[in-house]
Amino acid sequence: MHIIVAVVFTWLGCLVNGVFLETLIKEYGILVAMFFVVSVINNYALYFNIRMPLHLIFRSGSLVANMALSILMLKRRYTLSRYISVLMITCGIILCTLASGKQLKEEEEMLHHDWYQVLRWYAGIAMLSVSLLLAARMGIYQEVFYAKYGKIPRESLFYTHALPLPAFAFFASDIYSHVLIFNQSEPLTMSFLPFSLPKFWVYLVAVLASQYVCIRSVYRLTTECTSLTVTLVVTLRKFISLIVSVYYFQNTFTIMHWMGAAMVFIGTLLYVDIIKFESLWNRSTGESKSKLE
């Protein structure tokens, strides 16, 4: 009798575990597919005559895209200050990007002379548009995923980055060509090493280390905040990177930079409710009504 009970519970446990694992793998499969497609499109858009300033302008629209999809899919409603803050931050980053985008003039001249390049440029714009919406959808999917299965940021971080690795076999020739480029870069000597290393490989290791710290923190944040708040934090990080690059490359900080920075700063204060827009609005409308009376 004990043997029969043990066998039944073994089968039942394995069956339930298998169903759960199949469901979880399916959920992760959707998340991994979206992550892989967004990453590949964002990188390959640069091959379609998309300059980095324009790339940053599209990426800065992630706040608006995330808010729009949250309203449509999650039926969320936000306060007036949230709508205004998102628009101000987005417009501020676009202003700063335009002020820093010297390459945009070169892009305009190129597009006036070659129709083939024009078509490639439009294809790049379409790719960035798809990537923007898909990235916003991925943020919402992660939020719903964590609400359903609990806070598992490290597990999610591992699966979304490890599972897509075999798919990069399709880009083996491109990866190999860049390995050769990295090997031929200028050697860099460091005091704590008895030998020199190609400069690009050192830069890549530094980027990977900093990116790991960044992306791990982002995945932790996705378990604690809404997807819109996470998108806000990431967007502000892009803005800070843009400002630092202006200083690092010794570019002129123009009036447009100041205007954009002010819009981002005020928009952030509105978002975190340091500036109470609704109370200011009600106070001003109340004062105007009392004057009319």
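Parameters and conventions
Residues numbered from 1 in each chain as written. Predicted model: local features only at pLDDT ≥ 70, side-chain atom pairs only at ≥ 80, totals over all residues. Heavy atoms only, no water. Helix = DSSP H or I, 4+ residues; strand = E, 2+ residues; numbered from the N terminus. Buried < 20%, exposed > 50% of the residue type's maximum accessible area, 1.4 Å probe, protein only. Contact = heavy atoms within 4.5 Å. Areas by Shrake-Rupley, 256 points an atom, 1.4 Å probe, with all protein chains shown as cover. Expected span 1.5 Å × (residues − 1). Patch = residues over 30% accessible without salt bridge, like charges linked within 9 Å, V, L, I, M, F, W, Y side chains within 5 Å. Salt bridge = Lys/Arg side-chain N within 4 Å of Asp/Glu carboxyl O.

**What about the overall build of the protein chain?**
What the protein chain contains, in helices and strands, is twelve helices and two strands. The N-to-C order of helical and strand elements in the protein chain reads α-α-α-α-α-α-α-α-β-β-α-α-α-α. Taken across its 293 residues, the protein chain has 32% of its residues classed as buried. In the protein chain, of all internal contacts separated by at least 6 residues, the share reaching a separation of at least 24 is 76%. When the accessible surface of the protein chain is split by element, carbon and sulfur atoms take 71% of a total near 18800 Å².

**Points about helix α3 (residues 62–73)**
Across its twelve residues, α3 extends 16 Å between first and last C-alpha, which sits within 8% of the 16 Å expected from 1.5 Å per residue. Residues Ser62, Leu63, Ala65, Asn66, Met67, Leu69 and Ser70 constitute the buried set of α3. A positive phi of about 55° marks Lys75, the residue just after α3.

**Some words on a nonpolar patch on the surface**
Taken together, the side chains of Ile240, Val244, Tyr248 and Phe249 define a hydrophobic patch exposed on the protein surface, amounting to about 490 Å² of accessible area. Along the chain, Val244 falls in helix α10 (residues 227–248).

**Here we look at the pattern of salt bridges**
Scanning all chains against the criterion turns up four salt bridges. The partner of Glu27 in a salt bridge is Lys148, and the shortest N-O contact between them spans 3.2 Å. Placement of the pair is Glu27 in helix α1 (residues 2–44) and Lys148 in helix α6 (residues 115–149), with a sequence separation of 121 residues. Residue Glu224 pairs with Lys151 through a salt bridge whose shortest N-O separation is 3.2 Å. In this pair, Glu224 is assigned in helix α9 (residues 199–224) and Lys151 in the loop between α6 and α7 (153–162), connecting sequence segments 73 residues apart. For Glu224, a relative accessible area of 48% translates into the label partly exposed. A residue is classified by how much of its surface remains accessible, and Lys151, at 53% relative accessible area, is exposed.

**Here we look at α6**
Its 35 residues give α6 an end-to-end C-alpha distance of 50 Å, which sits within 8% of 51 Å, the value for a rise of 1.5 Å per residue. Of the residues flanking the end of α6, it is Gly150, one or two places downstream, whose phi is positive at about 100°.

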